[in-house]
Amino acid sequence: MSTDTSPSSSEGAPSRAELAARIDELETQLAAATDDDGQPKVSIIATKGTLDMAYPPLILASTAAAFGYEVTVFHTFWGLDILHEERSKNLKLSSVGNPNMPVPNAVAAFPGMDRVTTKMMEKKIDDNDTATIEELIETSLDMGVEFQACQMTIDLMDYDEDDFYDGVRTGVGAATAIQDMADADIQLLI
């Protein structure tokens with residue numbers, strides 16, 4: 001009499017050899033499914049157009065492109081000002097409601113304080129030799145980053161498509177942005 005308590009293949013359970021073969025088959029399928037099927041992709045949504053919020057999507061986009069990612073940045077609502085040639089040169093920094101500003105909200109609410117805090121930040125950017133918004137956009141475009149301008153926002157804000165930087169893709173809708181995000185390896189909302 002056998003003392004082996006494992007179920008035999010005659011009782012319907014797979015043998016060790018069958019299990020090993022199945023594991024090999026699954027590992028092969030997993031390797032095929034996770035094979036590098038092309039360039040990794042980053043999709044960024046930019047919704048804010050203040051000076052401090054213009055930098056994150058541009059820095060992340062240019063850095064991802066430098067690392068070999070395919071990058072798209074969909075700009076909607078106030079984020080569209082980042083792509084507007086004139087407006088991007090005059091982005092403001094709000095001092096009210098920004099907990100990291102060196103002034104209390106009661107003082108930050110005084111007339112002209114946004115101008116003061118914007119000038120402070122612009123000086124810091126200049127003193128630190130940080131790239132300007134325009135330089136980051138041009139560098140990103142040169143690296144293949146696709147900047148997309150939300151068509152609904154263009155219509156809503158009554159922008160002229162000719163006012164955007166050369167190379168910006170206009171006429172992009174939310175459906176295109178969503179499909180782009182679905183296809184991306186990394187999705188960011190800024």
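A quick note: this is a predicted structure, and the numbers were derived from the prediction, not measured. (Residues numbered from 1 in each chain as written. Predicted model: local features only at pLDDT ≥ 70, side-chain atom pairs only at ≥ 80, totals over all residues. Heavy atoms only, no water.)

*Asks:* Report on the packing of helix α2 (residues 51–66) against helix α5 (residues 133–142), specifying residues and quantitative values.
*Replies:* Closest axis-to-axis distance for the α2/α5 pair is 9 Å, and the angle between their directions is 30°. As the angle between them shows, α2 and α5 are arranged roughly parallel. Relative to α5, α2 is oriented so that their crossing is left-handed. In this structure, α2 uses Ala54, Tyr55, Leu58, Ile59 and Ser62 to contact α5, whose residues at the interface are Ile133, Leu136, Ile137 and Ser140. Each residue belonging to the contact of α2 with α5 can be placed in one class, and the counts come to 7 nonpolar, 2 polar and no charged. (Axes fitted to C-alpha atoms, helices over the stretch in contact; angles between N-to-C directions. Helix = DSSP H or I, 4+ residues; strand = E, 2+ residues; numbered from the N terminus. Parallel < 35°, antiparallel > 145°, perpendicular 65-115°, else oblique. Left-handed = near helix turned anticlockwise from the far one by under 90°. Contact = heavy atoms within 4.5 Å. Nonpolar A, V, L, I, M, F, W, Y, C, P; charged D, E, K, R; others polar.)

*Asks:* An account of unusual backbone geometry is requested, with residue identities and associated values reported.
*Replies:* Located in the positive-phi region is Asp129, a residue other than glycine, with phi close to 60°. Tracing the sequence through the fold places Asp129 in the loop between α4 (113–127) and α5. Look at Asp158: it is not a glycine, yet its phi comes out positive at around 55°. Mapped onto the fold, Asp158 is located in the loop between α6 (151–156) and β4 (169–172).

*Asks:* Hey, could you go over a nonpolar patch on the surface for me, with residue numbers and the actual values?
*Replies:* A contiguous nonpolar patch, built from Phe77, Trp78, Met152 and Leu156 and spanning about 440 Å² of accessible area, is present on the exposed surface. Mapped onto the secondary structure, Phe77 falls in the loop between β2 (70–75) and α3 (105–108). (Patch = residues over 30% accessible without salt bridge, like charges linked within 9 Å, V, L, I, M, F, W, Y side chains within 5 Å. Areas by Shrake-Rupley, 256 points an atom, 1.4 Å probe, with all protein chains shown as cover. Salt bridge = Lys/Arg side-chain N within 4 Å of Asp/Glu carboxyl O.)

*Asks:* So, the nonpolar core: which residues are in play, and what are the values?
*Replies:* Counting 31 residues, the largest nonpolar core has Val71, Val73, Leu83, Ile133, Ile137 and Phe147 as its most contacted members. Among the elements of the structure, β1 (41–46), α2, β2, α5 and β3 (146–150) are those that each provide at least two residues to this core. In terms of residues, this core owes the most to one element, α2, which gives 7 residues. Setting aside anything within four residues of it in sequence, one finds Phe147 in contact with Leu58, Val73, His75, Leu83, Ile137, Ser140, Leu141, Val168 and Arg169. In terms of nonpolar packing, the next biggest core, distinct from the first, is built from 5 residues, Ile45, Phe74, Cys150 and Ala177 among them. (Core = buried A, V, L, I, M, F, W, Y, C linked by side-chain atoms within 4.5 Å. Buried < 20%, exposed > 50% of the residue type's maximum accessible area, 1.4 Å probe, protein only.)

*Asks:* Tell me about the pattern of salt bridges, residues and numbers included.
*Replies:* Side chains that differ in charge, positive against negative, can pair when their charged atoms come close. Using the criterion set out here, one finds 6 salt bridges in the structure. Salt-bridge contacts for Arg169 lead to Glu146; the nearest nitrogen and oxygen are separated by 2.9 Å. Highlighted residues: Arg169 in strand β4 and Glu146 in strand β3, separated in sequence by 23 residues. Beyond isolated ion pairs, a larger network of salt bridges with shared partners links Lys41, Glu70 and Asp180.

Purely geometric stuff here, so don't read any function into it on its own.
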